[in-house]
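Each chain is listed here by its residues.
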Amino acid sequence: MKKNDILILMLTLLCLTGCNKNTEKVVITGEIGGMATDTLYLYGADEGYDRIDTLFVDEKGKFSHTVRIDTLTSVYLLIGNKVEYPLYLDKGDKISIKGDTARLDLLEVSGNADNEALTAFMKETADDTEAVKRKKAEEFIKNHRHMLAGIYLLDRFLVDTDSIDIEKVKGLMETMPGKLQDTRYVEWLKEKIAQAEKVQVDRYVPYFDLPNTKGKRINRLSETFREKYLLVNFWASWADSLSNERRNRELRQLYRKYKKNKYIGMLGVSLDVAPETWKAAVKKDSLEWEQVCDEGGLNSEATTPYVVDGLPANVLISPEGRVVAKNIWGDALQQKLEESAAELEKRKKK
């Protein structure tokens, strides 16, 4: 081989190597109105992106960031430490993000098919009710079964709900191709669904045994709750303060009504990781019914089987240990407690 030929070959190889490196880059640019000199975070939803990147927003609400990606990957953009927005990155993409702080849940993202399809879905359903969004999400998944965006919509509208239709969710997941089935996100959803099956209505509840404020171990078979319907309320002092305040007010009213009732019991389960913080919250919020604490938080072994994704949450358990209702509040909860007490009173009189 001649010297010139070798030189040409080397230049060609260098060019190809450089081109391959360029195609692995993903350039993300964005502008969010009303946001200035802030910080955004980018982190992975599956194994393709196992790190957290920091994106700095300038005084005009603009930001730019470059990452390296080997294959189509799910990530989340954390905005204002409160809104997680899904993004999809593939090598060579130029992702554009536009939005406004007034509607951080409604960004316009372009740069590949997944982002653009999800943006279109979000725009189309922006003013729809949750029930309509759920139905449209189901149609999206059926029509875009190869898209990562479908996994997000499955989780958001059909799995992360108080009334999950497990068989429907399983059916939708089975239509997804093997490439999606093997992602860590789908594996996590399968685990979540398996746990949800354990606390479906009419299923027996998982067992837990936790300490109360005095250190005594409490469970649903404790003398206080034996042969009663038991309303278990999951909460934490670090959860949304407005939701906690509203639900605690409701629970205090229920406790005043049922504290001497022979058929209804109440138990609070805190997911605080610091016992002292939990005890202070119990005292501050006047939570007079029995309280226990699971210091493992949302990932605790005791409460994970109850699929507690958001707080506060509740489960009504029959004297036999079956789930009677999940996450019902207000008039629906009051009616269910009245029906349960009447049913048990009638049963014991026979």
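Residues numbered from 1 in each chain as written. Predicted model: local features only at pLDDT ≥ 70, side-chain atom pairs only at ≥ 80, totals over all residues. Heavy atoms only, no water.

Caption draft 1: Fine view of the overall build of the protein. Across its full length, the protein carries 10 helices and 15 strands. Across the 350 residues of the protein, 44% fall into the buried class. Excluding contacts between residues fewer than 6 apart, the proportion of contacts in the protein whose partners are at least 24 apart in sequence is 61%. Accessible area of the protein: about 19100 Å², with a carbon and sulfur share of 50%. (Helix = DSSP H or I, 4+ residues; strand = E, 2+ residues; numbered from the N terminus. Buried < 20%, exposed > 50% of the residue type's maximum accessible area, 1.4 Å probe, protein only. Contact = heavy atoms within 4.5 Å. Areas by Shrake-Rupley, 256 points an atom, 1.4 Å probe, with all protein chains shown as cover.)

Caption draft 2: Representation of the sheet that holds strand β3 (residues 52-56) in the model. Pairing in this open sheet of 4 strands is antiparallel, and the strands run β3-β2-β5-β6 from one edge to the other. Each end of this open sheet is capped by a strand with a single partner; those strands are β3 and β6 (83-89). Put simply, the sheet's adjacent strands are angled 25° from each other on average, direction ignored. Contacts between helix α4 (residues 148-159) and the sheet are confined to β5 (73-79) and β6, with β6 contributing the most and set at about 155° to the helix. (Pairing = 2+ DSSP bridges. Axes fitted to C-alpha atoms, helices over the stretch in contact; angles between N-to-C directions.)

Caption draft 3: Just unusual backbone geometry, in detail. Located in the positive-phi region is T37, a residue other than glycine, with phi close to 40°. Here T37 is to be found in the loop between β1 (25-33) and β2 (39-44). T37 sits in the exposed class, given a relative accessible area of 60%. With phi around 55°, S286 is a residue other than glycine that occupies positive phi space. Along the chain, the position of S286 falls in the loop between α9 (275-284) and β13 (290-293). Using a relative accessible area of 36% as the deciding quantity, one classes S286 as partly exposed.

Caption draft 4: Focus on the packing of aromatic side chains. Throughout the structure, instances matching the rule amount to 5 aromatic pairs. For the pair F121 and F157, a centre-to-centre distance of 6.0 Å together with 55° between the ring planes defines the contact as tilted. Here F157 lies in helix α4 and F121 lies in helix α2 (residues 113-124), a separation of 36 residues in the sequence. Just as F121 is buried, F157 falls in that class too. (Phe/Tyr/Trp six-rings, centres within 6.5 Å; stacked < 30°, edge-to-face > 60°.)

Caption draft 5: Inspection of the sheet that holds strand β4 (residues 62-68) at higher detail. Overall, mixed pairing links the 4 strands, which are arranged β4-β1-β7-β8 in an open sheet. The sheet is open, and its two edges are formed by β4 and β8 (108-110), each paired on a single side. In this sheet, adjacent strand axes meet at a mean angle of 15° when their direction is disregarded. The pairing of strand β7 (residues 94-100) with β8 spans 3 bridges and is classified as antiparallel. Within the sheet, the bridge partner assigned to I97 lies in β8 and is V109. Across the face of the sheet, α2 comes into contact with β7 and β8 while running at roughly 160° to β8.

Caption draft 6: The nonpolar core, seen in detail. Judged by nonpolar contacts, the single largest core of 57 residues is most densely connected at L42, I79, L89, I97 and L154. In terms of residue count, the dominant contributor to this core is α4 (9 residues). Counting only domains with at least three residues in this core, you end up with domain 1 (25-103) and domain 2 (128-199). The contact partners of L89, leaving out residues within four places of it in the chain, are V26, I28, L42, V67, I69, T71, L72, T73, V75, I95 and N112. Counting residues in each nonpolar core, the second largest holds 23 residues, with W235, L251, W289 and V324 among its members. (Core = buried A, V, L, I, M, F, W, Y, C linked by side-chain atoms within 4.5 Å. Domains from an automatic or database assignment.)

Caption draft 7: The packing of α2 against helix α3 (residues 130-143), seen in detail. Here α2 crosses α3 at 155°, and the two axes come no closer than 11 Å. Between α2 and α3, the interaxial angle falls into the category roughly antiparallel. Of the two possible hands of crossing, α2 and α3 adopt the one that is right-handed. Taking contact as the criterion, the partners of A117, F121 and E124 in α2 are, on α3, K133, K136, A137 and F140. Partitioning the contact of α2 with α3 into residue classes produces 4 nonpolar, no polar and 3 charged. (Parallel < 35°, antiparallel > 145°, perpendicular 65-115°, else oblique. Left-handed = near helix turned anticlockwise from the far one by under 90°. Nonpolar A, V, L, I, M, F, W, Y, C, P; charged D, E, K, R; others polar.)

Caption draft 8: Focus on the confidence of the model for the protein. Across the protein, the average pLDDT comes to 86, with 86% of residues at 70 or higher. Mean pLDDT per element in the protein: helix α1 (residues 3-24) is the minimum at 47, and β8 is the maximum at 97. Segment residues 1-22: pLDDT under 50, and 3 contacts once partners within four positions in sequence are set aside and those in other chains are kept. (pLDDT = per-residue confidence, 0-100.)

Caption draft 9: Focus on the environment of V169. Here V169 is to be found in helix α5 (residues 166-174). Note on V169: relative accessible area 0%, which makes it buried. Beyond its immediate chain neighbours, meaning those up to four positions away, V169 contacts L154, L158, V159, I164 and I193.

Caption draft 10: Spotlight on the pattern of salt bridges. For the coordinates displayed, the defined rule picks out 18 salt bridges. Between E124 and K136 there is a salt bridge, with its nearest N and O atoms 3.7 Å apart. With a gap of 12 residues between them, E124 in helix α2 and K136 in helix α3 connect regions that are remote in the sequence. When its relative accessible area of 52% is taken as the criterion, E124 is described as exposed. Overlapping salt bridges, with partners in common, bring together E124, D128 and K136 in one network. (Salt bridge = Lys/Arg side-chain N within 4 Å of Asp/Glu carboxyl O.)

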